[in-house]
Each structure stands twice: as structure tokens, then as C-alpha cells.
Amino acid sequence: MTLYPKIIMDALATVTYAGTKKNLVESGMVADQPAVSAPENEGEPWRVTVVLEFPRETDPFLKSTVKAAEAAIKYHCGKDVEVTIQTEFKSKPRPTGDQLLSGVKNIIAVSSGKGGVGKSTVSANLAIALARLGYKVGLLDCDIFGPSMPKMFHVEDERPYAVKVDGRDLICPIEAYGVKMLSIGFFVSPDTATLWRGGMATSALKQLIADADWGELDYFILDTPPGTSDIHLTLLQTLAITGAVIVSTPQQVALADARKGIDMYRNEKVNVPILGLVENMAWFTPAELPENRYYIFGKEGCKRLAEEMDVPLLAQIPLVQSICESGDAGEPAATSSDTATGLAFINLAQAVVTVVNRRNRELPKTNIVGVKKT
């Protein structure tokens, strides 16, 4: 049997909320689209998570409604289904707009037009380098279908726990190398594909943003998935992004897609400033010949694109075997400034600080992209 959010919604539509005499769906009490997780291993149950919003914490029908909702899901979907019912309250709603991440000063989206250009490597090392410079840093792995940060930070076995903040149960981010970090990778099996529809993915992303205890941060780094997708639109409609950093290799195919990424943020309805470009895999330097440079993917393609688009070239990161090895080992290159690559990421972080400060002096705050209702 395969479960879908619609099946869960149909089950919830059979439960009457005594406060309105209508079912949970008609009453508008299902706060997010139900999240459904397939079994990670044979013999394990399906997992369903539902968020119900009640008028207030002292609602007299809360416990009975939650029990009825859980029973309805098990009745329609099977008694072995593992059901989690989370509750929110209109008297203490999930923060939105300017209230969301109110303690975060700058939100930086790290993007790429295509996959395989090292965007996640740049995101991880940028976050660590900023932390090494003394800033309070958070990192959100926004790639719901291909999360990589738990491995890159060597925290695959960690499991975030909940903390009570202002009456709300919030996820406590995992901290490593001075960076607060969350990823959907902490909540799904690393060996199982995440077979979610777009609505489920965006709902999970919103929870990682709004239902986490990020606290006060100088920089909040968003490691976005490749391309332009529902995930990007959700981020733009949820957060006022300070600016975007575009990562590309010098290769013409990658540069063509990088242009699309730049165009997305510069769209008049989005209007997120481009902080600059990072040219990754700019050249290959073999360990035995550290002074040699071999331009495998072309030479200075990002530099020319930066000039064409009138944006800064923030850094040129060489292709060095140790960058890959350190990422796989969970010890990103930026953890040490004694190497050429570690120093390159420290310099990138300093460049990002400079352009962010200039952007904040010269440009108004970014607006959240409005949701058009039909």
C-alpha cells in the first residue's frame, strides 16, 4: 500500500471538530500538507506527520480531537502506520514575514544553475570560514531530495531534539565547527530515496526554517538545490533574502545555467541582489606540483561572466583533490587556513562580508515575494 497526502486529508475530513461542528479540513485546522515518509527498511511502518492548528492552548476539545485524528488515519491507512500529530495555536501562531528569523541579520542564498559545480562544498566552507572569522552562522541544507551537509560536517548519526521556546516546540540545530546546521538528511535514511511530491518537500523546508531554534545569527546560509524550482520559490516567498551568491565552473555549459540563476534573482518580482560569483574548479593543481595550474574546464569563464553581468567575482577556488577528500571525511577545507584551499575559502568569506556590508548600506531591505491567490 502506498500513502499520499490526499489519503491523509480524506481521513481527516471524517473527523468532526466539536468547536465548529465541521470536519478538520473544512475548519481549516490542517496547518500544513501532511508529510508522508515511506519505510526505510522492509518491515518498518509508513510514517505520517500532521500539523493541526487549534484556536488556543486551553482548547477543551484538543486531546479528544488529536486522538480522533490519529484513529481516523490508522483506520483509513492501516493500524501499523506510525502517526505523529503536532499542534499549533492561533494565539501563538508560527511566525511569518518579518517575525520569522527575527534574530538573523543576513540571509545568503548560495545557488547554482546546474548540479555538480560544487555549490554545497562552497556553502559548507563559506559557513565555516565565516564562523572562523568570529561571526554567528547558521546553515540550512535546502536540498530536500539530495541532502549532503550531514556527511560534509561528519554528523550523519546526529539526531536533532526539540526544545521549548516561548511555548513552542522547536527543533534544535546540530552544531559543528561553530555552525548551527539543519538538513532533511537528519530525518530520513541516507540509503533511501526521498519520494516526495513538491508540496511535501516545501512543507518540510518551511518546518526546518520556522520550527527551528536558530536564535541570533549574523549570517544564515541557504544551500539551495541546483536550478530553479519549487524550493527556490518557497524560500523567496518565506524569507527576505539579503543576497545571492552564484557558484559555477568556468565551463560554458555551467555558465549558461548560471545566467539563468542570476536572471531568477534579478527578476523584477523577486529583486534579490546578486552579491557575486564564485568560480569553482577554476583550475587543477596536482599535489606534487603545487605551483602548476591546468585549466581543465576553461579559463576565467566566471570572471568574464561577472564582468558581463556587472557583479563581483568573489573567489576562484582551485580543483584540488584534498577538497573532495576533506568533504567526504567530514572535515571541510575551511577548517584550516594552513592550506591554499583553506585560505581561499577564508578570503571568500571576507569578500562576502564586504559585499554584504556594501549592499546593506546602498540598497533597501529585500521584500518577500508575494503569493498570488487565485
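Look up: the structure comes first, before these words.
Residues numbered from 1 in each chain as written. Predicted model: local features only at pLDDT ≥ 70, side-chain atom pairs only at ≥ 80, totals over all residues. Heavy atoms only, no water.

Peer 1: Would you mind going over the state of the cysteines in detail, with residue names and values included?
Peer 2: In the structure shown here, the tally under the stated rule is 0 disulfides. A disulfide-free cysteine, Cys172 has its sulfur positioned 18 Å from the sulfur of Cys142, the nearest such atom. Overall, Cys172 belongs to the buried group, its relative accessible area being 17%. (Disulfide = S-S within 2.5 Å. Buried < 20%, exposed > 50% of the residue type's maximum accessible area, 1.4 Å probe, protein only.)

Peer 1: Would you mind going over the sheet that holds strand E10 (residues 174–176) in detail, with residue names and values included?
Peer 2: Strand order across the open sheet formed by 8 strands is E10-E11-E7-E12-E6-E13-E14-E15, with mixed pairing between neighbours. Edge positions in the open sheet fall to E10 and strand E15 (313–319), since each of these has one partner strand only. Recorded for the sheet is a direction-independent mean angle of 25° between the axes of neighbouring strands. As defined by bridge partners, strand E7 (residues 137–141) adjoins strand E11 (residues 179–183) across 5 bridges and the pair is classed as parallel. Looking at E11, one finds that Leu140 is bridged to Leu182. (Pairing = 2+ DSSP bridges. Helix = DSSP H or I, 4+ residues; strand = E, 2+ residues; numbered from the N terminus. Axes fitted to C-alpha atoms, helices over the stretch in contact; angles between N-to-C directions.)

Peer 1: Got a sec to walk through the sheet that holds strand E4 (residues 47–54)? Specific residues and values, please.
Peer 2: On the basis of which strands lie adjacent, the open sheet formed by 3 strands has the order E3-E4-E5 and mixed pairing. The sheet is open, and its two edges are formed by strand E3 (35–37) and strand E5 (82–89), each paired on a single side. Direction aside, neighbouring strands of the sheet carry axes that sit 20° apart on average. Here 8 bridges tie E4 to E5, and the two strands are oriented parallel to one another. Across the sheet, residue Arg47 finds its bridge partner in E5, namely Glu82.

Peer 1: So what's going on with the packing of helix H1 (residues 5–12) against helix H2 (residues 62–77)? Which residues, and what values?
Peer 2: Here H1 crosses H2 at 125°, and the two axes come no closer than 8 Å. When the axes of H1 and H2 are compared, the pair comes out oblique. Crossing geometry of H1 relative to H2 is assigned as right-handed. Packed against H1, whose contacting residues are Ile7, Ile8, Ala11 and Leu12, the element H2 presents Ala69, Ala72, Ile73, His76 and Cys77 at the interface. In terms of residue class, the contact of H1 with H2 is built from 8 nonpolar, 1 polar and no charged. (Parallel < 35°, antiparallel > 145°, perpendicular 65-115°, else oblique. Left-handed = near helix turned anticlockwise from the far one by under 90°. Contact = heavy atoms within 4.5 Å. Nonpolar A, V, L, I, M, F, W, Y, C, P; charged D, E, K, R; others polar.)

Peer 1: Outline the pairing of strand E6 (residues 104–111), listing residues and values.
Peer 2: Counting buried positions along E6 yields 7 of 8 residues, so the element is predominantly enclosed. As paired elements, E6 and strand E12 (residues 217–223) share 6 bridges and run parallel to each other. By the bridge assignment for E12, Val110 is matched with Asp223. Across 4 bridges, E6 lies against strand E13 (residues 243–248) in parallel orientation. Within the sheet, the bridge partner assigned to Val110 lies in E13 and is Val245.

Peer 1: Describe in detail unusual backbone geometry, supporting the description with residues and values.
Peer 2: For Met281, which is not glycine, the phi torsion reads 55° and is therefore positive. Tracing the chain through its elements places Met281 in strand E14 (residues 274–284).

Peer 1: Would you mind going over the nonpolar core in detail, with residue names and values included?
Peer 2: Core analysis: the largest hydrophobic core is formed by 88 residues, its most contacted members being Leu140, Phe153, Phe220, Ile221, Leu222 and Leu239. Examining the composition of this core, we find that 9 residues originate from one element, helix H10 (residues 340–362), more than from any other. For Leu222, the residues in contact, after removing those within four places along its chain, are Ile107, Ile108, Ala109, Val110, Leu140, Cys142, Leu235, Leu239 and Ile241. Leu3, Trp46, Cys77 and Met200 belong to the second largest nonpolar core, which has 26 residues in total. (Core = buried A, V, L, I, M, F, W, Y, C linked by side-chain atoms within 4.5 Å.)

Peer 1: Help me get a handle on the pairing of E14, residues and values and all.
Peer 2: In terms of burial, E14 is largely enclosed, as 10 of its 11 residues are buried. Judged from the 5 bridges that link them, E13 and E14 form a sheet pairing that is parallel. Following the sheet pairing, Ile246 is matched in E14 by Leu277. With respect to chirality, the unit in which E13 leads through helix H7 (residues 252–266) into the neighbouring parallel E14 is right-handed. In this sheet, E15 lies alongside E14 in parallel orientation, the contact comprising 5 bridges. Note that in E15 the partner of Leu277 across the bridge is Leu313. Of the crossover connections in this fold, the one passing from E14 over helix H8 (residues 301–309) to the parallel E15 is right-handed. (Right-handed = clockwise from strand over helix to strand, strands pointing away.)

Peer 1: Could you give an account of the packing of aromatic side chains, with specific residues and numbers?
Peer 2: With the rule as written, the count across this model stands at 6 aromatic pairs. When the ring of Tyr17 is compared with that of Phe61, the centres are 6.0 Å apart and the planes differ by 90°; the resulting orientation is edge-to-face. A residue pair is termed long-range when its members are at least 10 positions apart, and Tyr17 in strand E1 (residues 16–17) and Phe61 in the loop between E4 and H2 qualify at 44 residues. Accessibility expressed as a relative area gives 5% for Tyr17, which makes it buried. Overall, Phe61 belongs to the partly exposed group, its relative accessible area being 31%. Following the ring pairs from residue to residue traces out a cluster consisting of Tyr17, Phe54 and Phe61. In this structure, Arg293 packs its charged tip against the face of Trp283, placed 3.7 Å from the ring centre. (Phe/Tyr/Trp six-rings, centres within 6.5 Å; stacked < 30°, edge-to-face > 60°. Lys NZ or Arg CZ within 6 Å of the ring centre and 35° of its normal.)

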